[in-house]
Amino acid sequence: MRRARLCWPEWGRNQVPQYPWDSDTQGLLLAAFFSGYLFTQVPGGYLAGRLGGRYFLGGGVLGTALLTLLTPSAASLGVPWLFTLRALEGFGEGVTYPAMMALWACWAPPLERSRLVSLAGAGGNFGAFVALPLTGAICHSLGWPAVFYCCGGAGCVWALFWFILVSDDPRSHPRISERERDYIITSIGKQGGSHGWSVPVGSMLRSVPLWSIVVAQVCSNWTYYTLLTCLPTYMDNILHFNIRESGLLSALPYLGGWFCSVLSGVVADCLLERKLLGVTAVRKIFTLTGLLLPGMFLVGESFVGCAGGLAVLCLTVSSSLSGTSAAGVFINQLDIAPRYAGMLLGITNTFGTIPGIVAPIVVGHLTKQRTMAEWRTVFCLSAAISAVGALVFTVFGTGEPQSWALQDTETDTRGDTETDAKEERRVR
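Residues numbered from 1 in each chain as written. Predicted model: local features only at pLDDT ≥ 70, side-chain atom pairs only at ≥ 80, totals over all residues. Heavy atoms only, no water.

Structural notes on the overall build of the protein
Step number 1: Regarding its fold elements, the protein presents 20 helices and 2 strands.
Step number 2: Looking at the protein residue by residue over its 428 residues, the buried ones come to 53%.
Step number 3: Looking at the protein as shown, the accessible area adds up to about 18800 Å², and 68% of this sits on carbon and sulfur atoms. (Helix = DSSP H or I, 4+ residues; strand = E, 2+ residues; numbered from the N terminus. Buried < 20%, exposed > 50% of the residue type's maximum accessible area, 1.4 Å probe, protein only. Areas by Shrake-Rupley, 256 points an atom, 1.4 Å probe, with all protein chains shown as cover.)

Written out as structure tokens, the structure is:
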């Protein structure tokens, strides 16, 4: 990798560096985050499931925020430095989603799982909705380095509140009511909470339902990461929106995705509470909706050409409908193995991160000429991959707890935690 050359053009009222990186280099830098993100998923899920998710989730975000503050300096040193920094950001951030799932295993009652987990997971879409237009405005007025200073600073402030307000489980929370604590503990039962140091790795790796989740998440994430990393480029090169317009319009799909994620969680729980459908049927329906329908609108996007209004409509509807999978495959780990949900999410997210590395590079390779025909290939490829994921999960997915996840564990070290909880209730 070559050292980037610097020039200092005037952008607004500020002098900011500009780097002559081609599409391949840009794709490589976009993928760097995910190359680090891969390595801490499984260890993070395992340790969060054993020790609790509070410090792993909060520490992952805080570490990434601090590194984000260093991004402009790393860019000025050259591509290798920036690539390394982004890989380290991914390394720290990789523990966050597995830790979040480990926390929900302790906090989310079965009939409230869909809405709670989908609401938390929808934060990614809402963050993109806020960040895209905001960063466009910041870039225009203050220059792109200010984006990293603002986002990194916001992450540090968030971490402060996180460590003050959050506890690993209801038993250790100082401000929860006794009634709510008992309700959560009773609803989740002995299969929730932390696991021991020993986990049934062999049974996990032989589990067909787990591999169906892996395939579905890989296929779903291909489209998600393609749009997340490359949509602003498409808005600029094909639809010819300026930086402020592309920031705002690129944000619309994520607003729709956030809304559909939250709505799907509420609807899924209502179906389960009223016993209209079983867990397996609910997970498959929302996964099909979240993979097949977005793919159809991406195909439509590829044929509307440069018609700005229709193009934005297709992209918005596609990304919005993809949010419904939040009540499907995304939380399926909690269904099939609640005690090991953090580690399972680490496994599925490790594979699911591969598109984050590969997709930007593939898009960069396929769009070297920056033509609509090249982007049509990108969108149709994403739609086909989504269809494969929907088919695999429909055939092999399930919402039933697996036998290897129910094998108990009274002898593992989690028994110490359960004993403490029983003693606490006895004292009361």
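We are not done yet, so read on.
Observations regarding unusual backbone geometry
Step number 1: With phi around 55°, K275 is a residue other than glycine that occupies positive phi space.
Step number 2: For K275, a relative accessible area of 75% gives the class exposed.

Here we look at the environment of N221
Step number 1: Inspection of the secondary structure puts N221 in helix α12 (residues 208-237).
Step number 2: According to the relative accessible area criterion, N221 is buried, its value standing at 15%.
Step number 3: C-alpha of N221 to C-alpha of L291: the two residues are 70 residues apart in sequence and 9.9 Å apart in space.
Step number 4: Not counting chain neighbours up to four residues away, the residues in contact with N221 comprise T226, G352 and P355. (Contact = heavy atoms within 4.5 Å.)

Some thoughts on helix α7 (residues 113-121)
Since the α-helix advances by 3.6 residues per turn, residues separated by three or four positions end up pointing in the same direction.
Step number 1: The set of residues buried in α7 consists of R113, S114, V117 and S118. All buried residues of α7 fall inside an arc of 105° around its axis, so they share one side. (Arc of directions from axis to C-beta.)

Examining the packing of aromatic side chains
Step number 1: Within this structure, the stated rule accounts for 11 aromatic pairs.
Step number 2: Taking 5.3 Å as the distance between ring centres and 50° as the angle between the ring planes, the aromatic pair formed by F126 and W258 counts as tilted. Linking F126 in helix α8 (residues 123-142) with W258 in helix α13 (residues 243-273), this pair joins segments that are 132 residues apart in sequence.
Step number 3: On the basis of relative accessible area, F126 is assigned to the partly exposed category, the value being 37%. (Phe/Tyr/Trp six-rings, centres within 6.5 Å; stacked < 30°, edge-to-face > 60°.)

A look at the side chain of R86
Step number 1: Mapping R86 onto the fold places it in helix α5 (residues 79-93).
Step number 2: Of the side chains bearing the opposite charge, E89 lies closest to the buried R86, which forms no salt bridge; the N-O distance is 4.2 Å.
Step number 3: If we ignore the near neighbours within four places in the chain, the residues touching R86 are L29, L30, A32 and F33. (Lys, Arg positive; Asp, Glu negative; His and termini not counted. Salt bridge = Lys/Arg side-chain N within 4 Å of Asp/Glu carboxyl O.)

Some details on a nonpolar patch on the surface
Step number 1: On the surface, a nonpolar cluster with roughly 460 Å² of combined accessible area is contributed by V201, L205, W211, F351, I354 and V358.
Step number 2: Elements represented by at least two residues in the nonpolar patch include exactly α11 (201-205) and α17 (341-366).
Step number 3: At 3 residues, the largest contribution of residues to the nonpolar patch is made by α17. (Patch = residues over 30% accessible without salt bridge, like charges linked within 9 Å, V, L, I, M, F, W, Y side chains within 5 Å.)

Topic: the nonpolar core
Step number 1: In terms of nonpolar packing, the biggest core is built from 23 residues, with L57, M101, W104, W107, V117, F330 and L334 touching the most fellow members.
Step number 2: For this core, the secondary structure elements donating two or more residues are α3 (54-68), α6 (96-107), α10 (178-188) and α17.
Step number 3: For this core, the element with the most residues is α6, which contributes 9 residues.
Step number 4: For F330, the contacting residues outside a window of four places in its chain are Y97, M100, M101, V117, Q217 and S325.
Step number 5: Formed by 19 residues, the second largest nonpolar core is a distinct cluster that contains L227, L315, V363 and W375. (Core = buried A, V, L, I, M, F, W, Y, C linked by side-chain atoms within 4.5 Å.)

Section: the pattern of salt bridges
A side chain with one charge can pair with a side chain of the opposite charge if their charged atoms come near.
Step number 1: One pass over the full model with this rule turns up 4 salt bridges.
Step number 2: One salt bridge in this structure joins D269 and R115, with 2.8 Å as the shortest N-O distance. With D269 in helix α13 and R115 in helix α7, the pair connects residues that are 154 residues apart, well separated along the chain.
Step number 3: A residue is classified by how much of its surface remains accessible, and R115, at 28% relative accessible area, is partly exposed.

Quick word on the packing of α17 against helix α18 (residues 372-396)
Packed helices, taken two at a time, are described by the angle between their axes plus the distance between the axes.
Step number 1: For the pair α17 and α18, the least separation of the axes is 9 Å and the interaxial angle reads 150°. The orientation of α17 relative to α18 falls into the category roughly antiparallel. On α18, the residues touching V362, V363 and L366 of α17 are E374, W375, T377, V378 and L381.
Step number 2: The class makeup of the residues in the contact of α17 with α18 is 6 nonpolar, 1 polar and 1 charged. (Axes fitted to C-alpha atoms, helices over the stretch in contact; angles between N-to-C directions. Parallel < 35°, antiparallel > 145°, perpendicular 65-115°, else oblique. Nonpolar A, V, L, I, M, F, W, Y, C, P; charged D, E, K, R; others polar.)

Some points on the confidence of the model for the protein
Step number 1: Scored by pLDDT, the protein has a mean of 82; 86% of the residues are at 70 or more.
Step number 2: By mean pLDDT, the top-scoring element of the protein is α3 (93), and the lowest-scoring one is strand β1 (residues 10-11) (39).
Step number 3: Every residue in residues 409-428 is under pLDDT 50, and counting partners more than four places away or in other chains gives 26 contacts. (pLDDT = per-residue confidence, 0-100.)

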